[in-house]
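# Overview (structure and organization)
Each chain, written out:
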Amino acid sequence: MIQTKPKWHQWLTTQLGVTLVIALFCVSASADLSVLSGRSYTTADMVKTKTTLFLDLGSEPTKALVNGIPLTINLNVLLVKESAWPWRITAAEWQYPFRIQYHALLNRYTLLQPVGGEFQAFNSLYETLSSIRQVTLQEQIPTGINQTDPISIQVQLELDRRLLPGPLKLAALFFPSWQLDSGWQQWQVTR
């Protein structure tokens, strides 16, 4: 008599095996997401922000990308109202997801821009990441912010690990090569 294991057991074994393989190949590599500089100013009822970014995914995320796993890098922006108290008030939050994908058949990388939803194609990952180097954003100043209120902008770059496939999402929790985050940078908004 032949005994077969339940399907859930086979699925679990497969998932754990994939996670183990990923874990064995994950090595700490140089990767960097940085906000190098930024400037924000108001025009009428809009706040315009210009940032200079640096993106280097490192070896593990790059391998995943080349093997068909799309990656999303979020540019998170907070509009903060300064106050006399030790805390600040977040007046608005915006997120700009840059979605990068590799197409093996065409040997090209594509980038879905968050502003305008435009697709761009590039020959190399370096070109793709370099196209994100200079970013200009423009958003409506929310009601409740007066012309005389001191406001500042906080900006952060991060690899969105929530959008990774299951086994890779698990590996991304534990390995520093997947925990790409620039930290928050802040500057005053000029009027």
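So, here is what we can say about the structure in this document. The model shown is predicted, which means the values in this text are computed figures rather than measured ones.

Turning next to the sheet that holds strand β9 (residues 185–190). Overall, mixed pairing links the nine strands, which are arranged β6-β5-β4-β3-β8-β9-β1-β2-β7 in an open sheet. Each of the sheet's edge strands pairs with one partner strand only, and the pair in question is β6 (119–122) and β7 (134–140). Going from strand to strand, the sheet's axes swing by 20° on average, the running direction of each strand aside. When strand β1 (residues 32–43) meets β9, the two strands line up parallel, connected through two bridges. Counterpart to serine 40 in the pairing with β9 is valine 189.

Right, let's get into the side chain of serine 152. Residue placement: serine 152 occurs in strand β8 (residues 151–159). Its relative accessible area of 0% is what places serine 152 among the buried residues. Not counting chain neighbours up to four residues away, the residues in contact with serine 152 comprise Leu78, Leu79, Val80, Glu82, Gln186, Trp187, Gln188 and Val189.

So, about the nonpolar core. Membership of the largest hydrophobic core comes to 41 residues, with the highest contact counts inside it found for Ile73 and Leu75. When residues of this core are assigned to their parent elements, the largest contribution, six residues, is made by strand β4 (residues 89–103). Look past the residues within four positions of isoleucine 73 in its chain and what remains in contact with it is Leu33, Leu55, Leu57, Tyr96, Pro97, Phe98, Ile100, Leu129, Leu157, Glu158 and Leu159.

Definitions and limits used
Residues numbered from 1 in each chain as written. Predicted model: local features only at pLDDT ≥ 70, side-chain atom pairs only at ≥ 80, totals over all residues. Heavy atoms only, no water. Pairing = 2+ DSSP bridges. Helix = DSSP H or I, 4+ residues; strand = E, 2+ residues; numbered from the N terminus. Axes fitted to C-alpha atoms, helices over the stretch in contact; angles between N-to-C directions. Buried < 20%, exposed > 50% of the residue type's maximum accessible area, 1.4 Å probe, protein only. Contact = heavy atoms within 4.5 Å. Core = buried A, V, L, I, M, F, W, Y, C linked by side-chain atoms within 4.5 Å.

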